Amino acid sequence: MKQYWPNAVALDYQNKPSRLFTYDSCESVKDCGEVFKCWQDKYDYSLLSTWIEVVEGEKRDCINHRCYVNAIGQVKKI
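Numbers given for residues are sequential positions, taken from 1 along each chain in its written order. Confidence filtering applies because this is a predicted model: local features only for residues at pLDDT of at least 70, side-chain atom pairs given and counted only at 80 or more, and all residues used for totals across whole chains, interfaces and linings. The side-chain figures draw on all heavy atoms in the structure; neither hydrogens nor water molecules are used.

S.K.: Can you help me understand the pairing of strand 3 (residues 46-56) in this one?
M.R.: Side-chain direction in a regular strand flips from residue to residue, so the side chains alternate between the two faces of the sheet. Between buried and exposed lies partly exposed: a residue is buried under 20% and exposed over 50% of the maximum accessible area for its type, with that area taken using a 1.4 Å probe on protein chains only. Each helix is a run of H or I in the DSSP string that is no shorter than four residues. Each strand is a run of E no shorter than two, and both are numbered from the N terminus. Strand 3 sits mainly inside the fold: nine of its 11 residues count as buried. For two strands to be treated as a pair, DSSP must find no fewer than two bridges joining them. Pairing analysis gives nine bridges linking strand 1 (residues 3-11) to strand 3, with the strands arranged antiparallel. Bridging across to strand 3, Gln3 finds its partner in Val55. Taken together, the seven bridges between strand 3 and strand 4 (residues 59-67) define a ladder with antiparallel strand orientation. Its bridge partner lying in strand 4, Ser49 is registered against Cys67. Turn length for the strand 3-strand 4 hairpin, with the two strands adjacent in sequence and antiparallel, is two residues, and the turn residue Gly57 shows positive phi of about 65 degrees.

S.K.: I tried to follow unusual backbone geometry on my own but got confused; where do I start?
M.R.: Most of the time, phi is negative for any residue but glycine, and the peptide bond is trans. For Asn15, which is not glycine, the phi dihedral falls at a positive 65 degrees. Of note, Asn15 is situated in the loop between strand 1 and strand 2 (17-21). In this structure, Asn64 takes a positive phi of about 55 degrees despite not being glycine. Looking at the element boundaries, Asn64 is found in strand 4.

S.K.: Looking at this model, I keep getting lost on the pattern of salt bridges. Mind explaining?
M.R.: Pairs can form between side chains of opposite charge once their charged atoms are near each other. A pair is scored as a salt bridge if a Lys or Arg side-chain nitrogen falls within 4 Å of a carboxyl oxygen belonging to Asp or Glu. Applying the stated criterion to the full structure yields four salt bridges. With its nearest N and O atoms 3.9 Å apart, the salt bridge here joins Lys37 to Asp41. Within this pair, Lys37 and its partner Asp41 are both found in helix 1 (residues 29-41), separated by four residues, close to a single helical turn. Classification of Lys37 by relative accessible area gives partly exposed; the value is 38%. Here Lys59 ties to Asp61 by a salt bridge, and the two come within 3.8 Å at their closest N and O atoms. Using a relative accessible area of 52% as the deciding quantity, one classes Lys59 as exposed. When its relative accessible area of 35% is taken as the criterion, Asp61 is described as partly exposed.

Written out as structure tokens, the structure reads:
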């Protein structure tokens with residue numbers, strides 16, 4: 001069974017970059033998107049980059065990597 005693990009680099013309320021991750025996997029890529037949205041809306045983080053790690057047995061892949069910083073360093077919204 002595949003496990004989907006959402007990860008992000010975000011600016012927190014003190015404007016410091018930090019890595020965000022969950023302690024439980026999600027059931028789908030769509031569920032990971034809801035976690036990203038929650039981090040942005042509920043906790044007011046500015047997401048700089050997001051990605052999903054997919055784990056199936058011993059195999060591990062990174063999918064759906066997105067960067068939300070433009071060429072001049074401005075943070076874009078999802």
